[in-house]
Amino acid sequence: MKAGMKVTVLYFASVKEQLGKAREELELPAGVATVEAVRAHLRERGGVWAETLGESRRISAAVNEDMVAPGARISAGDEIAFFPPVTGG
Amino acid sequence: MKVSVQQDDFDLSTEVRAFRKNPKIGAIATFVGTVREVPMTLEHYPGMTRKALEKIVREAQARWQVLDCTVIHRYGPLQPCDQIVLVAVASPHRGDAFAACEFIMDYLKTQAPFWKKEQTAEGERWVEARASDDAAAARWRS
């Protein structure tokens, strides 16, 4: 069985506040290889995680500082970020 | 080309004056966004913000004749009437300058990782993304 990847996960704005966390180092279980799979994996923690990252919530994601679609693949060492839709300008 | 993500305020005249060294430029379009009514704090994703803004500027350069361009976006606490964002585009003719300036603003609104939190009388609240901003960015894709 392939060992899981280590990644860094960042949270911003309302997502960060609801989760009470800005950043964590995470070892993903084998088979978790896309952004949406990481989000689903985090939801399994239950509580605020299930709620904040719930499927009905509009959450955007970036991998290594590039905005990506949910199906984007991730690699070991990647920096993954979850945040609400942006509101700058 | 200049992209800056900063806490400090900026001066429109200074930024525009910097363009006026290139005699090929015949049109400069500028947009300044300001804080409306409610004090706010702007959070951003350091590292990604600059990269995202540079990518948007490159897309504008690929579509229109852009001889020079400045994008400045502030973060941190801001008061009503404070300046938030500047987009200035210099082109040979006004059509390109107007279009590129509007394109950059529309894309910035949906692609650059900034989030506004308003300090209202009832307490703090995160500003919700607007569907009209998505629609504004989408119309450039057709």
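Presented here is an overview of the structure given in this document. Throughout this description, residue numbers start from 1 for each chain and increase along the sequence as written. Note on labels: chains are lettered from A, ligands numbered from 1, in written order. Residue-level local features of this predicted model are given only where pLDDT is at least 70; pairs of side-chain atoms are given and counted only at 80 or more, and the full residue set underlies all totals for whole chains, interfaces and linings.

**So, the overall build of chain B**
Part 1 of the reasoning: Each helix is a run of H or I in the DSSP string that is no shorter than four residues. Each strand is a run of E no shorter than two, and both are numbered from the N terminus. A tally of regular secondary structure across chain B gives 4 helices and 8 strands.
Part 2 of the reasoning: Of the regular secondary structure in chain B, the N- to C-terminal order runs β-α-β-β-α-β-β-β-α-β-β-α.
Part 3 of the reasoning: What you see for chain B is a C-alpha radius of gyration of 15 Å, in line with the 14 Å of a compact globule of 142 residues.
Part 4 of the reasoning: Principal-axis analysis of the C-alpha atoms places the extent of chain B at approximately 50 × 35 × 25 Å.
Part 5 of the reasoning: Contacts are defined on C-beta atoms placed from the backbone: any two residues whose C-beta positions lie within 7 Å are in contact. In chain B, the share of contacts with a sequence separation of at least 24, taken over all contacts with a separation of at least 6, comes to 78%. C-alpha atoms define the radius of gyration, and 2.2 Å times the number of residues to the power 0.38 defines the globule rule.

**What to know about the interface of chain A and chain B**
Part 1 of the reasoning: Between chain A and chain B, the contact holds 14 residues from the first and 22 residues from the second.
Part 2 of the reasoning: The set of elements that each furnish at least two residues to the side of chain A that touches chain B consists of helix H1 (13-19) and strand E5 (79-83) of chain A.
Part 3 of the reasoning: Charged residues are taken to be Asp, Glu, Lys and Arg, nonpolar residues to be Ala, Val, Leu, Ile, Met, Phe, Trp, Tyr, Cys and Pro, and polar residues to be all remaining types, Gly included. Residues of the side of chain A that touches chain B, tallied by class, amount to 9 nonpolar, 4 polar and 1 charged.

**Considerations on the nonpolar core**
Part 1 of the reasoning: A:Phe12, A:Ala81, B:Val89 and B:Ile104 are the most contacted members of the largest nonpolar core, which has 52 residues in total.
Part 2 of the reasoning: With near-sequence residues (within four places) excluded, B:Ile104 lies in contact with B:Ile56, B:Val57, B:Ala60, B:Val71 and B:Val87. By definition, a nonpolar core groups buried Ala, Val, Leu, Ile, Met, Phe, Trp, Tyr and Cys residues that are joined through C-beta atoms within 7 Å. Once C-beta atoms are placed from the backbone, each residue is buried if 20 or more other C-beta atoms lie within 10 Å of its own, exposed if 12 or fewer, and partly exposed for counts between those two.

**Considering the sheet that holds strand E3 (residues 40-44) of chain B**
Residues and elements named next belong to chain B.
Part 1 of the reasoning: Note: two strands are recorded as paired if DSSP finds a minimum of 2 bridges between them. Taken in spatial order, the 4 strands line up as E5-E3-E7-E8 in an open sheet, and their pairing is antiparallel. The open sheet has two edge strands with one neighbour each: strand E5 (76-78) and strand E8 (123-126). Geometrically, the sheet is characterised by an average inter-axis angle of 25° between neighbouring strands, direction not taken into account.
Part 2 of the reasoning: Strand direction decides the pairing type here: E3 and E5, joined by 3 bridges, are antiparallel. If you follow Thr41 over to E5, its bridge partner there is Pro77. Fitted lines through C-alpha atoms serve as axes, helices being fitted only where they are in contact, and the angles separating the N-to-C directions of these axes extend from 0 to 180 degrees.

**Re the packing of helix H3 (residues 94-111) of chain B against helix H4 (residues 131-138) of chain B**
Residues and elements named next belong to chain B.
Part 1 of the reasoning: Close contact between H3 and H4 brings their axes to 8 Å; oriented N to C, the two are set at 130°. By the angle class used here, H3 and H4 are oblique. At the point where H3 passes H4, the crossing takes the left-handed sense. Contact residues: H3 offers Asp106, Tyr107, Lys109 and Thr110, while H4 offers Asp133, Asp134, Ala136 and Ala137.
Part 2 of the reasoning: Classifying every residue of the contact of H3 with H4 by side-chain character gives 3 nonpolar, 1 polar and 4 charged. Angles below 35 degrees are treated as roughly parallel, those above 145 as roughly antiparallel, those between 65 and 115 as roughly perpendicular, and all remaining angles as oblique. In a left-handed crossing the near helix is turned counterclockwise from the far helix by less than a right angle, and in a right-handed crossing that turn is clockwise.

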